[in-house]
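# Examining the three-dimensional arrangement
Letter by letter, the chains look like this.
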Amino acid sequence: MNGTHVQSPLILLGIGGAGAAAAAGLARAYGPGIRILVVDTDARSGAPDLPFVLLGGALLAGHGSGGRIPEARTAAKEDLPLLDEKLDGVRAAIVVTALGGGTGGGATVEILQHLRKNGIVTLLFATTPFAFEGEDRAKKAAAVRSLLENDADTSVFLPLDALVGGAGTDNMKDALQRGMDTLATGVTLL
């Protein structure tokens, strides 16, 4: 892709690594026909051909939040103005992310609040952790979920166990990729 995208009033925001993977799935399916922006605290985001905003460059030096929600929230707060030029003319946003850790759990809260303050209607799709990831990640996801439900106009939460249950592979990387592709396909059914 050449980096030029449709300047429609609707945008898909892929937040964090999982959001980047879902955004990449949509880009593969629709090419430049959909306006997409990837937002991450990790400079090595999983969607190098898509428009990208790095949050927390000064704080995290592009290395990501390391699964730490407070650091991701702080990084997002510091760099929210970087989103504004990318959101010119946007009236509605589909936000795709994963909960249970860093950027998805922290930055998404700040971004949704920012979008709301700017009068942008939001539809949130968020995955919740696999059961095997443990109780700590499940608790983090649950705590963040209540915040996101308050800030998104509409929210859909999808357990990763259910999303990749029929992936037909024992390879976790393949299962996650298929799960993100499934999520991307579901988003397009709107």
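Residues numbered from 1 in each chain as written. Predicted model: local features only at pLDDT ≥ 70, side-chain atom pairs only at ≥ 80, totals over all residues. Heavy atoms only, no water.

## Description of the confidence of the model for the chain
Low-pLDDT stretches of the model should not have their predicted coordinates read in fine detail. Under the convention used in this document: Here pLDDT means the predictor's own confidence in every residue, given as a number from 0 to 100. The contact criterion used is simple: two residues touch if any of their non-hydrogen atoms lie within 4.5 Å.
When the pLDDT values of the chain are averaged, the result is 85; 83% of them are 70 or greater. Counted against residues more than four places away or in other chains, residues 1-5, with its pLDDT under 50, gives 12 contacts.

## Side note on the environment of Ala23
Applied cut-off: Under the scheme used here, helices are H or I runs from DSSP no shorter than 4 residues and strands are E runs no shorter than 2 residues, and both carry numbers assigned from the N terminus.
Tracing the sequence through the fold places Ala23 in helix 1 (residues 16-30). Here the alpha-carbon distance between Ala23 and Ile36, two residues 13 residues apart in the chain, equals 6.9 Å. Aside from chain neighbours lying at most four places away, what touches Ala23 is Leu12, Gly14, Ile36, Val38 and Leu50.

## With respect to the packing of helix 5 (residues 102-117) against helix 6 (residues 135-151)
Heads up, the rule is: Orientation is described by axes fitted as lines to C-alpha atoms, over the contacting stretch for helices, and by angles from 0 to 180 degrees between their N-to-C directions. Any angle that falls under 35 degrees is termed roughly parallel, while one over 145 is termed roughly antiparallel, one within 65 to 115 roughly perpendicular, and all others oblique. Each crossing gets its handedness from the near helix: less than a right angle anticlockwise from the far helix is left-handed, clockwise is right-handed.
Axis separation between helix 5 and helix 6 bottoms out at 9 Å; the angle between their running directions is 15°. With respect to their mutual orientation, helix 5 and helix 6 come out roughly parallel. For the pair helix 5 and helix 6, the crossing hand works out as left-handed. Residue-level inspection shows Gly105, Thr108, Val109, Leu112, Gln113 and Arg116 of helix 5 in contact with helix 6, the latter providing Val144, Leu147, Leu148, Asn150 and Asp151.

## Here's the deal with the pattern of salt bridges
Heads up, the condition is: Should a side-chain nitrogen of Lys or Arg be within 4 Å of a carboxyl oxygen of Asp or Glu, the pair is scored as a salt bridge. Relative accessibility thresholds used throughout: buried, under 20% of the residue-type maximum; exposed, over 50%; partly exposed, between the two (1.4 Å probe, protein chains only).
In the structure shown here, the tally under the stated rule is 8 salt bridges. Residues Asp42 and Arg44 are paired through a salt bridge, measuring 3.3 Å at the closest nitrogen-oxygen approach. A relative accessible area of 18% means that Asp42 is categorised as buried. The exposure class assigned to Arg44 is exposed, which follows from its relative accessible area of 63%.

## Quick notes on the packing of aromatic side chains
We apply this condition: Pairing of aromatic side chains requires ring centres within 6.5 Å, counting the rings of Phe and Tyr and the six-membered ring of Trp. Pairs whose planes differ by under 30 degrees are stacked, by over 60 edge-to-face, and all others tilted.
One pass over the structure, following the stated rule, counts 1 aromatic pair. Taking the centre distance of 5.0 Å and the plane angle of 15° together, the rings of Phe130 and Phe132 count as stacked. Here Phe130 falls in the buried class, since its relative accessible area comes to 6%.

## Concerning the nonpolar core
Basically, it comes down to this: Here, nonpolar core refers to any group of buried Ala, Val, Leu, Ile, Met, Phe, Trp, Tyr and Cys residues whose side-chain atoms link them within 4.5 Å.
Leu13, Val39, Ile111 and Leu115 are the most contacted members of the largest nonpolar core, which has 29 residues in total. Here this core takes 5 residues from helix 5, the largest share from any one element. Excluding anything up to four places from it in sequence, Val39 contacts Leu13, Gly14, Ile15, Gly16, Val53, Leu55, Leu83, Thr103 and Ile111. Ala20, Ala24, Ile36 and Phe125 belong to the second largest nonpolar core, which has 15 residues in total.

## A short note on the pairing of strand 2 (residues 36-40)
Keep this limit in mind: Note on handedness: a clockwise path from strand one over the helix to strand two, with the strands aimed away from the viewer, defines a right-handed crossover. By definition, two strands form a pair when at least two bridges between them are found by DSSP.
For strand 2, the buried fraction is high: 5 of the 5 residues fall into the buried class. Following the chain from strand 1 (residues 10-15) across helix 1 to the adjacent parallel strand 2, one finds a crossover that is right-handed. In the sheet, strand 2 pairs with strand 3 (residues 52-54) via 3 bridges, with the strands oriented parallel. Looking at the pairing, Asp40 lines up with Leu54 of strand 3.

## A look at the environment of Val121
By the element assignment, Val121 lies in strand 5 (residues 121-128). Expressed as a C-alpha distance, the spacing of Val121 and Thr154, which sit 33 residues apart in the sequence, is 8.8 Å. In this structure Val121 touches Arg91, Ala92, Ala93 and Asp153, once residues within four positions along its chain are discounted.

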